[in-house]
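Observations on chain architecture
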Amino acid sequence: MSDIPLNTSVSGVPEAAPRQPPALSTGPVAWLRANLFSSWLNTAVTLALGYLLVRWAISFVDWAFINAIWSVPDNQTQACRALKASANPGACWAVITEKHRFILFGTYPYEEHWRPALVCVLFTSLYVVSAMRRFWRWELLIVWAVTLVTIGVLMWGGVFGLSYVPQERWGGLPITLILATFGLAFAFPLAILVALGRRSSMPAIRILCIAYVELIRGVPLISLLFMASVMFPLFLPEGVNIDKLLRAQVAVILFAGAYLAEVVRGGLQALPKGQYEAADALGLSYWQKTGFIILPQALRLVIPPLVNTFIGFFKDTSLVLIIGIFDLLTAGKTAIVEPAWQGFGVEVYIAVSVIYFIYCFAMSRYSQNLEAELNRHRRR
Amino acid sequence: MSQTATDPRRLRAPPKKRLRLSWADERVRAIVWQVLIVGAVVGIVWWLVRNTQYNLEVRRIATGFGFLQREAGLPIGETLIEYTPASTYLRALAVGVLNTLKVAVVGIVLATILGTLIGIARLSKNWLLSKIAAVYVEVIRDIPLLLQLLFWYTILQGLPAPRQALNPMDGVFLSNRGLKLPSLNWEVGHSWALLAFVAGCFATWLYAKVMRRKQMQDGQPRRVWPAAIGFLIVLPAVFWGLGGAPWTIDWPSLRGFNFQGGMTISPEYFALLIGLTTYTAGFIAEIVRAGILAVPHGQWEAAQALGLKPGVVLRQIVLPQALRVIVPPMTSQYLNLTKNSSLAVAIGYQDIVSIANTTLNQTGQAIEGIAIIMAVYLTISLSISLFMNWYNNRIALVER
């Protein structure tokens, strides 16, 4: 083909009139035309939204950065209050500068703050390591056990020359991470058992599991937390007293167990029936069948919804505020009780939101990537 | 494995063997396991009940629901039914249930509308619009609801006092006492008009059904909208006119330090409503988007090839198929919203949890108080899921 000269007309066919080059189909201008200004309506929407967005962004930057006060000398908040009442208001980030140690670590002894800080780092690295697929081996369980013990030692102290810190003085981010992590670590095995029980052929066990799941899912978490804080002491024999954090932890585990059980059940149901029958045909016992054939496949199917449940559950730990446990959100709320700092709630809540957002956003991105990766074989 | 009656393996199942009393018999093992587990559960429950009874006796806490008839003596800010602190606990709890329903029903309606709009916006061809919707969904879903509620409540409390209230429109005032709106003085004529409207809805539904049946018989499409206008607009208007055409608006106005007249939306209710609506809308948007994406592209193309108009394609082809994907997860979002309304206790809106909590603090009857909370939510949850299951069955695909 290449040796045929261009512009030669085939005999008998009149030469075509020179045509206009096609409209731009690549490059930034074409992209703008296709995505922002493809029709009159689209152009109007783009312009209106763009205008609103720019206006909002300018006022936000003014409030959060340009007019903001970043620190004030020893709790003198008059400058902040004057700024708040002025016509051109600004944020008072001084409240964060002043209170960030309290928001993050609560009433933990000030000079020992490196311990809860290290605990947060340990928790976060534990999450990161568990998220990597190359570490998905049974040795990971040992890593978990060792890390959790280390965390307990760091928080309580009393050994290796660390001073003892009673549990009442813990607070802030470590409490949120403890509630979420221990909650998951115990709720997950419970959820697997309940999900298996709900699909069991033994009627009594099935009914027990259904009753548990439906009861817990039908009531709000708050009512379970109330139950943990006011009814648990009545349940136990006289003299036995469990501390408040542990009671809340039990409520959180029971709650998460029911929701995770439903997710796991979804995976068990989605598995082709042939897998069950093949395992039966090999003569495996129930537990061999479940442990070697069914669960590894079923859990893999539901990893993305599991991570989504984890996210919801991480956010739900903030509800312990209502029964007065000192987690991250409670610490934030308490930080602005002091008269000097009253009225700066918006700044504190934004700062606390950022922390929650970082954890949840990381999990949600991870879940999306994992879903894409696990579904790669389905893609054409 | 399966226990369903249609399983072909059951038809070929070998004749039942006699039960042998041996560990090798699967049925014996099943019975032993069940007896053991049920026994353990019953034992634990019995132990807990015994402890509770003993503890209640020691602490001299009365049991039973007798306290419901006693005078409550707790003030409630917002009530839908008549209530004074001299009313009984039962009435106080009823007020709480109604307040919960008030925020849940309005929240469900608003969240559905907002969520659907955002879900559609995310699918828009306009890049800016879809990106803004995506950022909204991501941010709102990754921050705890309780934190958002506290945030909104702080903002509403930070608004100026009534004297410097924001006045975006005539008769609308936004201050730290809440939102003030003009209201209609309710008279008999309005009740008649409302009744006529409800009757009109029913008549329209019946008329549409009859017309559809006729269309099934002779294939001729019939217009429903002229009759609908008659039933839904003209009929109520006639009754309103017959009732004397009452129309007096109560405008709020500043007297002294607070507003007089008009309708008030308290800051607590307003914050809870904004928080619940915007939070749940983020989840509903994702459900709507997934539902629309789940309809294969071929369906759009096939419908267009048949020469259907775009509106008909959306209404008759795409929407019914998308709804099948949308309805089940939507049900759980509605249930979540209702259960999340219990967070009202953190910002001081007096819903059932808040009032039951005060009740159990005043009377010391913790078990009864928590049992009431759980019973109320279980009832609401079951009602919503029954209704949504009925709706889901109605729109579900009928196969063979």
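All figures in this text were calculated on a predicted structure; none of them were measured in a lab.

Let's shift gears to the overall build of chain B. When helices and strands are tallied, chain B shows 13 helices and 8 strands. Here the C-alpha atoms of chain B give a radius of gyration of 28 Å, more than 25% beyond the 21 Å that 2.2 N^0.38 yields for 400 residues. The dimensions of chain B, computed from C-alpha atoms along their principal axes, are 85 × 75 × 50 Å. Of all 400 residues assigned to chain B, the portion counted as buried reaches 28%. Put simply, 67% of the contacts in chain B that link residues at least 6 apart link residues at least 24 apart.

A few words on the domain arrangement of chain A. When the parts of a complex come together, some accessible area is lost, and that lost area is often used as the size of the interface. All names here are of chain A. With domains assigned, chain A is organised as domain 1 (109-165) and domain 2 (169-375). Its C-alpha centre places domain 1 at a distance of 20 Å from the equivalent point of domain 2. Taken together, the contact pairs 8 residues of domain 1 with 8 residues of domain 2. Class assignment of the residues belonging to the side of domain 1 that touches domain 2 gives a composition of 8 nonpolar, no polar and no charged.

Counting residues in hydrophobic clusters, the biggest one holds 140 residues, and the most contacted among them are Leu225 of chain A together with Leu146, Leu149 and Leu272 of chain B. Ranked by residue count, the leading element in this core is helix α8 (residues 267-294) of chain B, at 13 residues. Excluding residues within four positions of it along the chain, Leu149 of chain B makes contact with Ala271, Leu272, Gly275, Leu343, Ala346 and Ile347 of chain B.

Successive side chains on a regular strand alternate, one facing one side of the sheet and the next facing the other. All names here are of chain B. Burial along strand β2 (residues 172-175) is one-sided: the residues Phe173 and Ser175 are buried and none of Val172 and Leu174 is. The turn joining strand β1 (residues 166-169) and β2, which pair antiparallel and follow one another in sequence, is formed by 2 residues; a positive phi near 85° is taken by Gly171. Direction of pairing for β2 relative to strand β3 (residues 178-181): antiparallel, over a ladder of 3 bridges. Bridging across to β3, Ser175 finds its partner in Gly178.

With respect to the helices and strands, the residue Lys339 of chain B is situated in helix α10 (residues 310-340). In sequence terms Lys339 of chain B and Thr100 of chain B are 239 residues apart; their C-alpha atoms lie 9.4 Å from each other. Contacts of Lys339 of chain B, omitting those with residues within four sequence positions, involve Pro220 of chain A together with Tyr377 of chain B.

Our next topic: the sheet that holds strand β8 (residues 263-265) of chain B. All names here are of chain B. Pairing within the open sheet is antiparallel, and its 4 strands lie in the order β1-β2-β3-β8. With one partner strand each, in any of the chains shown, β1 and β8 form the two edges of the open sheet. Ignoring strand direction, the axes of neighbouring strands in this sheet form an average angle of 20°. Here 3 bridges tie β3 to β8, and the two strands are oriented antiparallel to one another. The residue of β8 that forms the bridge with Leu179 is Ile265.

Another aspect to go through is the interface of chain A and chain B. Counting residues at the interface gives 47 residues for chain A, matched by 47 residues for chain B. Mapped by element, the contributors of at least two residues to the side of chain A that touches chain B are α2 (40-66), α8 (203-218), α9 (221-235), α11 (273-281), α14 (328-335) and α15 (345-374) of chain A. With 10 residues, α15 of chain A is the largest single contributor of residues to the side of chain A that touches chain B. In terms of residue class, the side of chain A that touches chain B is made up of 30 nonpolar, 12 polar and 5 charged.

In helix packing, the relevant descriptors are the interaxial angle and the interaxial distance, both defined with respect to the helix axes. All names here are of chain B. Close contact between helix α12 (residues 352-363) and helix α13 (residues 366-395) brings their axes to 8 Å; oriented N to C, the two are set at 165°. If you check the angle between α12 and α13, you find them roughly antiparallel. Crossing angle aside, the handedness with which α12 passes α13 is right-handed. Residues Ile352, Val353, Ala356, Thr359 and Leu360 of α12 form the contact with α13, whose own contacting residues are Ala366, Gly369, Ile372, Ile373 and Val376. Each residue belonging to the contact of α12 with α13 can be placed in one class, and the counts come to 8 nonpolar, 2 polar and no charged.

Glancing now at the domain arrangement of chain B. Domain annotation for chain B reports domain 1 (21-59), domain 2 (89-185 + 248-395) and domain 3 (189-242). A straight line from the C-alpha centre of domain 1 of chain B to that of domain 2 of chain B covers 43 Å.

It is worth spelling out helix α6 (residues 188-218) of chain B at this point. Every α-helix carries 3.6 residues per turn, so stepping three or four residues along brings you back to the same face. All names here are of chain B. For α6, which comprises 31 residues, the first-to-last C-alpha distance of 45 Å matches the rise-based estimate of 45 Å (1.5 Å per residue) to within 8%. Those residues of α6 not exposed but buried are Ala193, Ala196 and Gly200. Buried residues along α6 sit against α7 (225-242). After α6 finishes, the residue Gly219 shows a positive phi value of roughly 75°.

Parameters and conventions
Residues numbered from 1 in each chain as written. Chains lettered and ligands numbered in written order. Predicted model: local features only at pLDDT ≥ 70, side-chain atom pairs only at ≥ 80, totals over all residues. Helix = DSSP H or I, 4+ residues; strand = E, 2+ residues; numbered from the N terminus. Rg over C-alpha atoms; globule rule 2.2 N^0.38 Å. Buried ≥ 20, exposed ≤ 12 C-beta atoms within 10 Å, placed from the backbone. Contact = placed C-beta atoms within 7 Å. Domains from an automatic or database assignment. Nonpolar A, V, L, I, M, F, W, Y, C, P; charged D, E, K, R; others polar. Core = buried A, V, L, I, M, F, W, Y, C linked by C-beta atoms within 7 Å. Pairing = 2+ DSSP bridges. Axes fitted to C-alpha atoms, helices over the stretch in contact; angles between N-to-C directions. Parallel < 35°, antiparallel > 145°, perpendicular 65-115°, else oblique. Left-handed = near helix turned anticlockwise from the far one by under 90°. Expected span 1.5 Å × (residues − 1).

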